[in-house]
Amino acid sequence: MDITSAKSDLWLGRVESALRSCALAGDAQGTVPDTFFDGLDVGLLNRMLLPLEYGGHPDAQTAMGRASIYSRLGAADPGLTIALPGPGLALPPVLALATPEQRANFFGRFQRDRPTWAAFAITEADAGSDATALTMVAEERGDHFVLNGSKYFITNGGRAEVVIVFATVDRKRGRFGIKAFMVDAASEGFSVDRTEDMLGLRSSQLAVLTMKDCKVPKECLLGGERRADSFTGAQASWDYMRPLLSSLIVGTTMRNLETICGAFEADGTPGRRRARQISCSGLRARVHMAWQLVLKAAWMFDHAGGSALDSSMAKAAAASVAAEVSYLACSTMQDVSLEESASLEMFVRNAKAFDILEGTGDMQRLMITKLMGGRSRGLIFGS
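Throughout what follows, the structure given in this document is the object of discussion. Keep in mind the model is a prediction, meaning the values are calculated, not measured.

So, about the overall build of the protein chain. Within the protein chain one finds 11 helices and 7 strands. Its C-alpha radius of gyration of 21 Å places the protein chain within 12% of the 21 Å reference for a compact globule of 383 residues. Expressed as lengths along the three principal axes of its C-alpha atoms, the size of the protein chain is roughly 75 × 60 × 40 Å. Within the protein chain, residue pairs in contact and separated by at least 24 positions form 74% of the contacts whose partners lie at least 6 positions apart. With the model as given, the accessible surface of the protein chain reaches about 16700 Å², and the carbon-plus-sulfur share is 54%. Here the protein chain contributes 41 positively and 43 negatively charged side chains, and the mean placements of these two sets differ by 5 Å.

As C-alpha cells, this is what we get:
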C-alpha cells in the first residue's frame, strides 16, 4: 500500500504505539518481538527510506523529514527503531555508487510484505576509527571476486538478507583500493559468527560477519570496475546517518527527561523540588540546543549536500546531553512507577551506546576541532 503525506501521521502513530508496547520485550529478548508487526503495514516499513519511485515514504525523502520521523520513533523506543526492517545504513552507498541495474536489484528486495533487512559492513576489529585501514581482501578471479575477512559490530547484521561490504583490492592504494560489494547473505562462505550480548540498544543486534572464500559475482561490485573511489559510498552513509541518529537520540532523551521532571514536580520537599527543577530547565535547554543542531545538519544535507562539521556537532551534542539525563535518571527510578522505572533503566543503558554509534563522542569532537580550525584559517586568510 502506498502512503500519502495526509496519512503519514496516522501511520507513524501506529508504528510509535507498536514500538512503545514492545520496547521492554525487545530489550529483554535482544530482538524484534514477533508481535511487533501485528497490525502494521510491513511492506511500507521495508520501503520507508527508499526513493519515491520504489514506494518510499514521501516524508522520508529529505533529511529534515527523516529527522522529524526518527525523533518521534526514537521517543517511542530507539533500539527497536534502529532494528526496523528496511535498507538502513546500506541505502546511502547504493544511492551513491550503484548502477541502475544494481539499484533495481537492491530496492526490489524490499517490495515484500514480510520484514526484510539490509546491513552496512565496514568496521573491522583492527581498523578502529580508521575506516580506510581495511584488512578484508577482495581478490579478482575471472568473473567473480573472492572475499576473505571479518566485519564487526554490524547493525542488523544477523538478520540482513543483503549486506553492502567494503573490502580492499589493493592495500597499497589506501582508500582508492577500497571497493563496495553487494553480498547476498545466502552466499557460500558468508556466515554470522555471533550477535553481541549488548548493554543497550539490544534489539539492533550487532553482529560479527565472516567471509571465507566468499564468491561474489562481478556484477555485484557497486558502480562496476570503472568506479575509482568507492569509499565515497561509506562517507555518504555517515553523512546520511548522523542527523538521523542524532534526531533519534534527541527524541528519546526528551521523552525520558519529561518523565524525570514529572517525578521531580511531585516531590513534596520545596527546596529539593526547586533544585531539581533548575536541573531540568538546564537540561531542557541543552536538549533543545541539540535539536537545533540536528535541524541545521539536516538542512545542510538537503541544501548543501551535507556538512561533516554540523553533523558531528549534532551527534556529539545529542549523545552528551543523553548521558547527562541518564545520570539524573538514576536518582529518579524510586520516585516513578514500576513501568517508568524499567523504561528509565533501559534509557540509562541505551545512553551508553549513543556515544559509540556512528563514531565515538571523542572522535566527533576531534573532527569538530579539525574542521573548526580549518574554517578559522579560511576566515582569517580570506580563502
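Counting across every chain of the model gives 15 salt bridges. Ionic pairing is found between aspartate 27 and arginine 349, a salt bridge with its closest N-O pair at 2.7 Å. Taken as a pair, aspartate 27 in helix H1 (residues 5-29) and arginine 349 in helix H10 (residues 338-354) lie far apart in primary sequence, 322 residues in all. As far as burial versus exposure is concerned, aspartate 27 and arginine 349 are alike and both buried. A salt bridge links arginine 284 to glutamate 258; its shortest N-O distance comes to 2.9 Å. Placement of arginine 284 in helix H8 (residues 270-304) and of glutamate 258 in helix H7 (residues 231-265) is noted, with a sequence separation of 26 residues between them. Judged by relative accessible area, which is 29%, arginine 284 ranks as partly exposed.

Core analysis: the biggest nonpolar cluster contains 107 residues, and Phe36, Phe106, Leu147, Ile164, Phe166, Phe181 and Phe354 have the highest contact counts within it. The greatest single-element share of this core, amounting to 15 residues, is contributed by H7. If near-sequence neighbours (up to four positions away) are discounted, phenylalanine 106 is found in contact with Pro87, Ala90, Leu91, Val94, Ala118, Val162, Ile164 and Met182.

For the structure on display, the rule yields 9 aromatic pairs. With 5.1 Å between their ring centres and 65° between their planes, phenylalanine 145 and phenylalanine 181 make a pair best called edge-to-face. Taken as a pair, phenylalanine 145 in strand S3 (residues 144-154) and phenylalanine 181 in strand S5 (residues 178-184) lie far apart in primary sequence, 36 residues in all. Of the two residues, phenylalanine 145 and phenylalanine 181, neither departs from the other in class, the shared state being buried. Put simply, the rings of Tyr54, Phe106, Phe107 and Phe110 touch in pairs and so form one group of aromatic residues. Between arginine 159 and the ring centre of tryptophan 117, over which it is positioned, the NZ or CZ distance is 5.2 Å.

A separate point is the environment of arginine 20. Inspection of the secondary structure puts arginine 20 in helix H1. Separated by 213 residues in sequence, arginine 20 and glycine 233 have C-alpha atoms that sit 34 Å apart. Ignoring anything within four residues of it in the chain, the contact list for arginine 20 reads Ala76 and Arg255.

Counting buried residues along strand S4 (residues 162-168), 7 of its 7 residues qualify, which places the element largely inside the surrounding structure. Sheet topology places strand S1 (residues 118-121) next to S4; 4 bridges connect them, and they run parallel. Among the inter-strand pairings, phenylalanine 120 is bridged to a residue of S4, identified as isoleucine 164.

Turning our attention to helix H3 (residues 63-76). In this model H3 runs 20 Å from its N-terminal to its C-terminal C-alpha over 14 residues, within 8% of the 20 Å that 1.5 Å per residue would give. Most of H3 is tucked away: 11 of the 14 residues are buried. Turning to H3, its buried residues number three or more, namely Ala63, Gly65, Arg66, Ala67, Ile69, Tyr70, Ser71, Leu73, Gly74, Ala75 and Ala76.

The next subject is the pairing of strand S2 (residues 137-141). Where S2 and S3 come together, 5 bridges link them in antiparallel fashion. Along S3, the bridge assignment pairs valine 137 with asparagine 148. Where S2 folds back onto S3 in an antiparallel hairpin, the turn is made up of 2 residues, including glycine 142, whose phi is positive at roughly 65°.

The next thing to look at is the packing of helix H9 (residues 308-330) against H10. H10 packs onto H9 with a crossing angle of 145° between their chain directions and a minimal axis gap of 9 Å. Pair H9 / H10 crosses with left-handed handedness. Of H10, the residues touching H9 (which contributes Lys315, Ala319, Ala322, Val325, Ser326, Tyr327, Ala329 and Cys330) are Leu344, Phe347, Val348, Ala351, Lys352 and Phe354. Of the residues in the contact of H9 with H10, the class split is 11 nonpolar, 1 polar and 2 charged.

On to the side chain of glutamine 364, then. With respect to the helices and strands, the residue glutamine 364 is situated in helix H11 (residues 361-381). What makes glutamine 364 buried here is its relative accessible area of 0%.

Reading the values: rules and limits
- Throughout this description, residue numbers start from 1 for each chain and increase along the sequence as written.
- In keeping with the predicted nature of the model, local features appear solely for residues at pLDDT of at least 70, side-chain atom pairs appear and are counted solely at 80 or more, and the whole-chain, interface and lining totals rest on all residues.
- Note that water and hydrogens are dropped before the side-chain values are worked out from all heavy atoms of the structure.
- Working definition: helices are DSSP H or I runs of at least four residues, strands are E runs of at least two. Numbering for both runs from the N terminus.
- Here the globule rule reads 2.2 Å times residues to the power 0.38, and the radius of gyration is calculated from C-alpha atoms.
- We call two residues contacting when some pair of their heavy atoms lies within 4.5 Å.
- Each accessible area value is a Shrake-Rupley result obtained with a 1.4 Å probe; residue values ignore everything except the protein chains displayed when judging cover.
- Charged residues are defined here as Lys and Arg on the positive side and Asp and Glu on the negative side; His and the ends of the chain fall outside this count.
- By convention, the point assigned to a charge is CZ for Arg, NZ for Lys, CD for Glu and CG for Asp.
- Salt bridges are counted wherever a side-chain nitrogen of Lys or Arg sits within 4 Å of a carboxyl oxygen of Asp or Glu.
- Each residue's exposure class comes from its accessible area (1.4 Å probe, protein chains only) as a fraction of the maximum for that residue type: buried when under 20%, exposed when over 50%, partly exposed otherwise.
- Grouping buried Ala, Val, Leu, Ile, Met, Phe, Trp, Tyr and Cys residues that are joined through side-chain atoms within 4.5 Å yields what is termed a nonpolar core.
- Here is the rule: rings of Phe, Tyr and Trp (six-membered ring for Trp) pair when centre to centre is within 6.5 Å. Planes less than 30 degrees apart are stacked, more than 60 are edge-to-face, and the remainder are tilted.
- The rule is short: NZ of Lys or CZ of Arg within 6 Å of the ring centre and within 35 degrees of the ring normal puts a charge over the ring.
- Here a strand pair is declared whenever DSSP counts at least two bridges between the two strands.
- What a helix should span is 1.5 Å times the count of its residues minus one.
- For helices, the fitted line uses only the C-alpha atoms of the stretch in contact; every axis is such a line through C-alpha atoms, and the angle between N-to-C directions lies from 0 to 180 degrees.
- A clockwise turn of the near helix away from the far one marks a right-handed crossing, whereas an anticlockwise turn of less than a right angle marks a left-handed crossing.
- For this classification, Asp, Glu, Lys and Arg are treated as charged, while Ala, Val, Leu, Ile, Met, Phe, Trp, Tyr, Cys and Pro are nonpolar and the rest, including Gly, are polar.

Read these as spatial facts, not as claims about activity.
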